[in-house]
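# Observations on chain architecture
Each chain, letter by letter, is given below.
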Amino acid sequence: MNVESTLAVEWWVANGPKLAGGALRILLVVIVAVIIRAVLRRLIDGMTRGNGGRKPKLLKPLRERAPQALGAFASERREQRARTIGSVLKSFVTIIVFGVAFIQVLTELGMNVAPILTSAGILGVAIGFGAQNLVKDFLAGMFMMLEDQYGVGDVVDLGPATGTVESVALRTTTIRDTNGTVWYVRNGEILRVGNSSQGFAVAVVDIPLSYGANLASATQVLTTAAEEAAAEELLAKDVTDKPQVLGVEKVTPEGITMRVTVKVRPGRQWAVQRALRAKLMPALEDAGISLKSS
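Residues numbered from 1 in each chain as written. Predicted model: local features only at pLDDT ≥ 70, side-chain atom pairs only at ≥ 80, totals over all residues. Heavy atoms only, no water.

As annotated in an unreviewed UniProt entry, the chain carries the name Mechanosensitive ion channel family protein and comes from Saccharothrix lopnurensis. UniProt, in its Sequence similarities (unreviewed entry) section for the chain, records the words "Belongs to the MscS (TC 1.A.23) family." Quoted verbatim from the Subcellular location (unreviewed entry) heading of the UniProt record, the comment on the chain is "Cell membrane". (UniProt positions renumbered as here; feature names shortened; annotations may be inferred.)

## Structural notes on the overall build of the chain
Regarding its fold elements, the chain presents seven helices and eight strands. Evaluated residue by residue, the chain yields a buried proportion of 33% over its 294 residues. Residue pairs at least 24 apart in sequence account for 63% of intrachain contacts in the chain once pairs closer than 6 positions are excluded. (Helix = DSSP H or I, 4+ residues; strand = E, 2+ residues; numbered from the N terminus. Buried < 20%, exposed > 50% of the residue type's maximum accessible area, 1.4 Å probe, protein only. Contact = heavy atoms within 4.5 Å.)

## Structural notes on the pairing of strand E6 (residues 201-209)
Residue alternation in E6 divides its side chains into a buried set, Ala201, Ala203, Val205, Ile207 and Leu209, and an unburied set, Val202, Val204, Asp206 and Pro208. Direction of pairing for E6 relative to strand E8 (residues 255-264): antiparallel, over a ladder of nine bridges. Directly across from valine 205, in E8, lies its bridge partner valine 260. (Pairing = 2+ DSSP bridges.)

## Things to note about a nonpolar patch on the surface
Taken together, the side chains of Leu24, Leu27, Leu28, Ile31, Val32, Ile35, Ile36, Val39, Leu40 and Leu43 define a hydrophobic patch exposed on the protein surface, amounting to about 880 Å² of accessible area. Turning to its location among the elements, leucine 28 is positioned in helix H1 (residues 3-47). Overall, leucine 28 belongs to the exposed group, its relative accessible area being 51%. (Patch = residues over 30% accessible without salt bridge, like charges linked within 9 Å, V, L, I, M, F, W, Y side chains within 5 Å. Areas by Shrake-Rupley, 256 points an atom, 1.4 Å probe, with all protein chains shown as cover. Salt bridge = Lys/Arg side-chain N within 4 Å of Asp/Glu carboxyl O.)

## Overview of the pairing of E8
Burial analysis of E8 places eight of its 10 residues in the buried class, which makes it a mostly covered element. Where strand E7 (residues 244-252) folds back onto E8 in an antiparallel hairpin, the turn is made up of two residues.

## Description of helix H5 (residues 215-231)
An ideal rise of 1.5 Å per residue puts 24 Å on 17 residues; H5 measures up with 24 Å between its terminal C-alpha atoms. Along H5, the positions that sit buried rather than exposed are Ala218, Val221, Leu222, Ala225, Ala226, Ala229 and Ala230. The buried side chains of H5 occupy one side of the element, clustering within an arc of 150° when seen end-on. In this structure, H5 carries Ala216, Gln220, Glu228 and Ala231 as exposed residues pointing more than 90 degrees from its buried face. Taken together, the buried residues of H5 touch E6, helix H6 (233-236), E7, E8 and helix H7 (269-286). A distance of 3.1 Å separates the backbone nitrogen of alanine 216 from a side-chain oxygen at the start of H5, and that oxygen is part of asparagine 214. (Expected span 1.5 Å × (residues − 1). Arc of directions from axis to C-beta. Polar contact = N/O pair within 3.5 Å; in protein donor to acceptor, adjacent residues only side chain to side chain.)

## A word on the pattern of salt bridges
Counted by the stated rule, this structure contains nine salt bridges. Across the pair lysine 279 and glutamate 232 runs a salt bridge, and its minimum N-O distance is 3.4 Å. Here lysine 279 is found in helix H7, whereas its partner glutamate 232 is found in the loop between H5 and H6, with 47 residues between them in sequence. With relative accessibility at 33%, the residue glutamate 232 sits in the partly exposed group. Across the pair glutamate 249 and arginine 259 runs a salt bridge, and its minimum N-O distance is 3.5 Å.

## A closer look at the sheet that holds E8
Strand order across the open sheet formed by three strands is E6-E8-E7, with antiparallel pairing between neighbours. Bordering the open sheet on either side are E6 and E7, each of which pairs with just one other strand. For this sheet, the mean angle separating the axes of adjacent strands, direction not counted, is 25°. Summarising the sheet, E7 and E8 pair through seven bridges and their orientation is antiparallel. (Axes fitted to C-alpha atoms, helices over the stretch in contact; angles between N-to-C directions.)

## Examining the packing of H5 against H7
Across the interface, H5 lies against H7 with an axial gap of 9 Å and an inter-helix angle of 140°. Taken together, H5 and H7 sit at an angle that is classed as oblique. Remark: the crossing between H5 and H7 carries right-handed chirality. In this structure, H5 uses Ala218, Val221, Leu222, Ala225, Ala226 and Ala229 to contact H7, whose residues at the interface are Leu276, Lys279, Leu280, Ala283 and Leu284. (Parallel < 35°, antiparallel > 145°, perpendicular 65-115°, else oblique. Left-handed = near helix turned anticlockwise from the far one by under 90°.)

Structure, rendered in C-alpha cells:
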C-alpha cells in the first residue's frame, strides 16, 4: 500500500463516522421537513373542505358575503374561496418549512449560520424600504382574499381590466377578458372591485317597441313568454326567481324600450339574457306587436 492510500485510509477512519453521521442527520432533516410539509398541507386541505354543504372550517371566523338564501350556490362560493386561501397558505408552509430545513442542513455541514441570518435580517430591512410597493401588493392581496372581494372564476371589473379571474396570488390578480387577452393586475393598484359573480346576478333584457305598440298587450306577452322560458330546462338551473316585466324603461324619438329582469346564478346573467331575448322577440312578433325598426 502506497503513502497516498495509507493517508486516505487514515483520513476515512478519522472522519468517516462523522461524515456518515452528518449525512444521516441531513437526510433525517430533509425527511422530517417533507413529512411536516405534507402533514400541514393535509391539515389545510381538511380546513378548506366543506362537509355536507357546511362552511369550511377555515372560513368560519371570516366574513361571509354570499346570501344564505342561495343555498347550494353559496356553498360553491365558499369552497372556491377556501381553496384560494388554502393555496396561499400552502405556499407559506412550503417556504417556511423548507427554509428552516435549509438552515438546519447548513448547520450540519459545519457552516456558521449566524452571519447569514444577520445578513438576511439587514437585507430584509433594506428590501423593505426599497420594495414598499411589493409589500403593499402582498397586504392588499391577503385582505382581498380574507374579505372575499373576488375569487377564481368571478367576472370582475378592477378598473384597469375587466374579465374572468383566472388566478389570485398575493402580488397579482390574473384576468382574461372577452377577447382572450390575459391581464396581470397588481393588487396594490386595485382601488375598486366590481364583482358580477358574487351572491347573485340580474339578467336585464331591453325590448325595443314602436310607438304604435299596445303596451298592455306587450306587458302580458312578455310576462308569459319570460315565465315559460325561465321554466325550460335550459334556463331553469340558472334562474333563481320569477322574471319581472318592469315596464317602460326609456322613450326615445325612435321608439319605446321595455325592460325585463330576472335574478340568476352569479356569472350566468349574459347567457340568460341571450336566451331570453331569443324567446321574447319572436313571442312579440307572433302576437302582432310591432317592434322598433333598426
